[in-house]
Amino acid sequence: MEYIGHKSDDGVNREQALIEHLNGTSALCSEFARRFTMEEIGKLLGLYHDVGKYSIGFQKRIQQNGPKVDHSTAGAQLLGKYFVPFAFCIAGHHSGLMNLGVRGDIDNGTLVARMRKKLVGILDYSAFKNELPELSVNKKLFPAFSDTFSAMFFTRMLFSCLVDADFLDTERFMRPNTLKRGEFFSLEELYKRYNAYIMAWGNPTNKLNEKRTEIREECINAAHGQEGIYTLTVPTGGGKTIASLGFALEHAMQHKNKERIIYVIPYTSIIEQTADVFRSIVGSENVVEHHMNVDYDDAEFGDEKQKENERKKLATENWDAPIIVTTNVQFFESLYGNKTSRCRKLHNIANSIVILDEAQMLPNDYLIPCMRAIRELVSNYHVTAVLCTATQPSLNKYFTEDVQLHEICSNVDDLYDFFRRVHYEKTDFEDTEALVAQLNIHKQVLCIVNSKKAAQKIFDGLNGDGCYHLSTFMYPQHRRKILAEVRERLKNNLPCKLVATSLVEAGVDVDFPVVYREIAGLDSIIQAAGRCNRENKRPLEESIVL
């Protein structure tokens, strides 16, 4: 009999031979696993992942609409006895990675239970031997793991290769010539665009732009170094966003295995701002944002924007694009996730340059797993990571001696002296009313507080034109609208009083003459100061952070 792997759902009832699907998945899975030198492992995994479909039960299911059957346990049992990651990947390639379980588990959803499940006489899949080559497993190909974390991480990477390969081969059959993936520019082309953009600036005409140019040139020089973990410590206003992109593109030219640049950012407000900068440099069509506030369905049907959005929407599934801009949550929860939709992109993090912007915002409670993941990516998956911030946290203790952090800027202390544009004053207020009265005296002022409730109370007391409030109570689109109005009023020297929570501190480009900051950690106070005299247009003594 002819064994069928899929039937089309387009009303034509086209059939894909099972052997065709296995060979197609195997080729893709091998290609993806090549990123971490496991192409033979990937080839084997893809070839045998669906051997359970050779059972009579599955063929009745697909050809005669028979009852559902378990087709993933067969491959897990077949290959899992040689290498446990095989079992995890195959058993979960539709439902997601499962817990290992304990000895004695029976029918409780763990891998141990699946490996003990009886198939002989129930779901006989031995017919695979008629179409597939004789199973030959070279155990010398299996990697040696330094600890269980590395084994877990490898399993996730391998799982990603299989899931994406399986999706793509199935999609290719189900939707031939209708879905356009890829078609983005190469990093080489983006490198040319970046250089053309920088050249258009010409020679710097003031000391501030001279210093920004020096920082960018240091990034370019550092990019010639080896793969590893770098820190980029640049005070607010030093142009680290464009400089870090220069590092990434130059590093990609020096290390030809690099396939993409991934920007990981804490807040969506900064993501949108950063993505706008990148779009202006390398073109909108090459920058894919992946976070909850992006809607790639929002375009007129049939226009060029819709075609661009379709490609970007598909790229959010597996990050197959040259520049990805995403959140800390999306990045790290994917690395530790178990669902196929989360894990499908992981293999495309390998061979990439990961920029962790505003690194000081990584949550303290999760620093150990976050840094452990970065260390694993750098050590075993050819990732170069850059921790980019104006207030660099002390993270050395989270890395072993074999992973060193390399600071890109040669003299950070001098940079802070140069970019010192404010002076700090300690002040106290008897109550909120006294603070509000002081704020109302100013024509332009920013007040940052530690809670949304406090921000609302202070805002209610402001008077005059141009009073604004920002917090996470607001929709992102509303916050963007408010920030646009604030920037416009500041630019035109109109009255502008803004009360906000800490979301305005990290990377939001606003420039106030005076900033009030409720007592918080020193990094928060310094970040707040970055919203005062940002463009150095006022004397230091007139630029106050209270």
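Shown above is the structure to which this text applies.
What comes next concerns the included structure. (Residues numbered from 1 in each chain as written. Predicted model: local features only at pLDDT ≥ 70, side-chain atom pairs only at ≥ 80, totals over all residues. Heavy atoms only, no water.)

**Looking at the side chain of Thr233**
Short version of the rule: Put simply, DSSP H or I for four residues or longer makes a helix, DSSP E for two residues or longer makes a strand, and each gets a number counted from the N terminus. Relative accessibility decides the category of a residue: with a 1.4 Å probe and only protein chains considered, values under 20% of the type maximum give buried, values over 50% give exposed, and everything between is partly exposed. Counting of polar contacts relies on pairs of N or O atoms within 3.5 Å, with two restrictions inside protein: one atom must be capable of donating a hydrogen and the other of accepting it, and residues adjacent in sequence are counted only when both atoms are side-chain atoms. It only takes one pair of heavy atoms within 4.5 Å for two residues to be counted as in contact.
Assignment of secondary structure puts Thr233 in strand 3 (residues 229-233). We classify Thr233 as buried; its relative accessible area is 7%. At 3.0 Å, the side chain of Thr233 forms a polar contact with the side chain of Gln392. At 2.8 Å, the side chain of Thr233 forms a polar contact with the side chain of Glu407. Apart from residues lying up to four places away in sequence, Thr233 is in contact with Thr389, Ala390, Gln392, Glu407, Cys409, Val412, Leu415 and Tyr416.

**Considering the packing of helix 8 (residues 187-199) against helix 10 (residues 240-254)**
Think of two packed helices as two axes; the pair is described by the angle between the axes and how far apart they sit. The following threshold applies: The axes used here are C-alpha line fits, helices contributing only the stretch in contact, and every angle between their N-to-C directions lies in the interval 0 to 180 degrees. Oblique is the label for every angle not falling under 35 degrees (roughly parallel), over 145 degrees (roughly antiparallel), or within 65 to 115 degrees (roughly perpendicular). Here a crossing is taken to be left-handed if its near helix is turned anticlockwise relative to the far helix by less than a right angle, and right-handed if that turn runs clockwise.
Close contact between helix 8 and helix 10 brings their axes to 10 Å; oriented N to C, the two are set at 140°. Taken together, the axes of helix 8 and helix 10 lie oblique to each other. Considering only the axes of helix 8 and helix 10, their crossing is left-handed. In this structure, helix 8 uses Leu187, Glu188, Leu190, Tyr191, Tyr194, Tyr197 and Ile198 to contact helix 10, whose residues at the interface are Ile242, Ala243, Leu245, Gly246, Leu249, Glu250, Ala252 and Met253.

**Structural notes on the layout of surface pockets**
For clarity, the cut-off: The way it works is a 1 Å grid over only the protein atoms, where trapped points that fit a 1.4 Å probe form a cavity and open points with protein on both sides within 12 Å along at least five of seven lines form a pocket, and then any residue with an atom within 4 Å of a point lines it. Grid points are joined across faces, edges and corners, and a volume is the space filled by probe spheres set on the points.
The calculated volume of the largest pocket comes to roughly 1,100 Å³. As for the largest pocket, its lining consists of 42 residues, of which Arg212, Gly237, Gly239, Ile242 and Glu535 are closest to the centre. Sorting the residues of the lining of the largest pocket by element identifies helix 8, helix 9 (207-222), helix 10, helix 11 (268-282) and helix 19 (476-491) as the ones contributing at least two each. A per-element tally of the lining of the largest pocket places helix 9 first, with 6 residues.

**As for the pairing of strand 13 (residues 496-500)**
Spelled out, the test is: Two strands qualify as a pair provided DSSP detects at least 2 bridges between them. With the strands pointing away from the viewer, any crossover whose connection runs clockwise from the first strand over the helix to the second is right-handed.
Strand 13 sits mainly inside the fold: 5 of its 5 residues count as buried. With 5 bridges joining them, strand 11 (residues 444-448) and strand 13 adopt parallel strand pairing. Within strand 13, the position partnered with Cys447 by the bridge is Val499. With 4 bridges connecting them, strand 12 (residues 467-470) and strand 13 associate as parallel partners. Residue pairing across strands places Leu470 opposite Ala500, the latter belonging to strand 13. Running through helix 19, the crossover from strand 12 to the neighbouring parallel element strand 13 is right-handed.

**Re the sheet that holds strand 7 (residues 352-357)**
In space, the 7 strands of this open sheet follow the order 5-6-4-7-8-3-9, with parallel pairing throughout. Strands at the two margins of the open sheet, each flanked by one partner only, are strand 5 (287-290) and strand 9 (405-407). Here the strands of the sheet are splayed against their neighbours by 20° on average, with no regard to which way each runs. Pairing analysis gives 3 bridges linking strand 3 to strand 9, with the strands arranged parallel. Looking at strand 9, one finds that Ile229 is bridged to Leu405. Relative to the sheet, helix 13 (residues 328-335) contacts strand 4 (260-265), strand 5, strand 6 (323-327) and strand 7, its axis offset from that of strand 6 by approximately 90°.

**Concerning the sheet that holds strand 13**
If you trace the 6 strands from one edge of the open sheet to the other, you get 10-15-14-11-13-12, paired in parallel fashion. The sheet is open, and its two borders are formed by strand 10 (423-424) and strand 12, each paired with just one other strand.

**A few points about unusual backbone geometry**
Notably, Thr37 is not glycine yet its phi reads approximately 55°, a positive angle. For Thr37, the location among the structural elements is in the loop between helix 1 (18-33) and helix 2 (39-48). For Thr37, a relative accessible area of 58% puts it in the exposed group. At Asn493, a position not held by glycine, the phi torsion is positive, near 55°. You can call Asn493 partly exposed: its relative accessible area is 46%.

**Quick notes on helix 12 (residues 304-318)**
Since one α-helical turn is 3.6 residues long, residues separated by three or four positions face the same way. Just so we agree on the cut-off: An expected span of 1.5 Å times one less than the residue number is assigned to each helix.
Along its 15 residues, helix 12 runs 22 Å from first to last C-alpha, staying within 8% of the 21 Å computed at 1.5 Å per residue. For helix 12, every residue scored as buried is listed here: Gln306, Glu308, Asn309, Arg311, Lys312, Leu314, Ala315, Thr316 and Asn318. Next to the buried residues of helix 12 lie helix 7 (148-174) and strand 5. Within two residues after helix 12, Trp319 carries a phi angle of roughly 55°, on the positive side.

**Let's talk about the packing of aromatic side chains**
What counts is decided by this rule: In this analysis, rings of Phe, Tyr and Trp, with Trp reduced to its six-membered ring, are considered paired at centre separations within 6.5 Å, and the interplanar angle assigns stacked below 30 degrees, edge-to-face beyond 60, and tilted for intermediate values. Look at NZ for Lys and CZ for Arg. If either is within 6 Å of the ring centre and within 35 degrees of the ring normal, a charge sits over the ring.
Following the criterion strictly, the structure yields 20 aromatic pairs and no others. Relative to Tyr381, the ring of Phe153 lies with its centre 5.8 Å away and its plane at 40°, an arrangement referred to as tilted. Here Tyr381 lies in the loop between helix 15 (367-380) and strand 8 (384-389) and Phe153 lies in helix 7, a separation of 228 residues in the sequence. Here Tyr381 falls in the buried class, since its relative accessible area comes to 3%. Linked through ring pairs, Phe36, Phe83, Phe86, Phe142, Phe145, Phe149, Phe153, Phe154, Tyr336 and Tyr381 together constitute an aromatic cluster. Above the plane of the ring of Phe418 lies Lys211, whose end atom (NZ or CZ) is 5.1 Å from the centre. The ring of Trp319 carries Lys345 above its face, with NZ or CZ at 5.3 Å from the centroid.

**Quick look at helix 19**
Where we set the bar: Note that the arc is defined by the directions from the helix axis to the C-beta atoms.
Between its terminal C-alpha atoms helix 19 stretches 22 Å, which fits the 22 Å expected from 16 residues at 1.5 Å a residue. Among the residues of helix 19, Pro476, Arg479, Ile482, Leu483, Val486, Arg489 and Leu490 are the ones counted as buried. Mapping the buried residues of helix 19 onto a view down its axis gives an arc of 145°, with all of them on the same face. Facing away from the buried surface of helix 19 by more than 90 degrees, the exposed residues are Gln477 and Lys491.

**Topic: the environment of Asp460**
On the secondary structure map, Asp460 appears in helix 18 (residues 452-461). By relative accessible area, which is 57% here, Asp460 ends up exposed. For the pair Asp460 and Lys211, spaced 249 residues apart in the sequence, the C-alpha separation amounts to 41 Å.

**What to know about the nonpolar core**
Just so we agree on the cut-off: Buried residues of nine kinds, namely Ala, Val, Leu, Ile, Met, Phe, Trp, Tyr and Cys, make up a nonpolar core once their side-chain atoms join them within 4.5 Å.
Grouped together as the largest cluster of nonpolar side chains are 84 residues, with contacts concentrated most on Phe331, Ile349, Ile374 and Leu377. Contacts of Phe331, omitting those with residues within four sequence positions, involve Ile262, Val264, Trp319, Thr326, Ile349, Val354, Ile374 and Leu377. With 42 residues, the next largest nonpolar core counts Ile198, Leu208, Ala248 and Val287 among its residues.

Interpretation in functional terms is not warranted from these geometric data alone.
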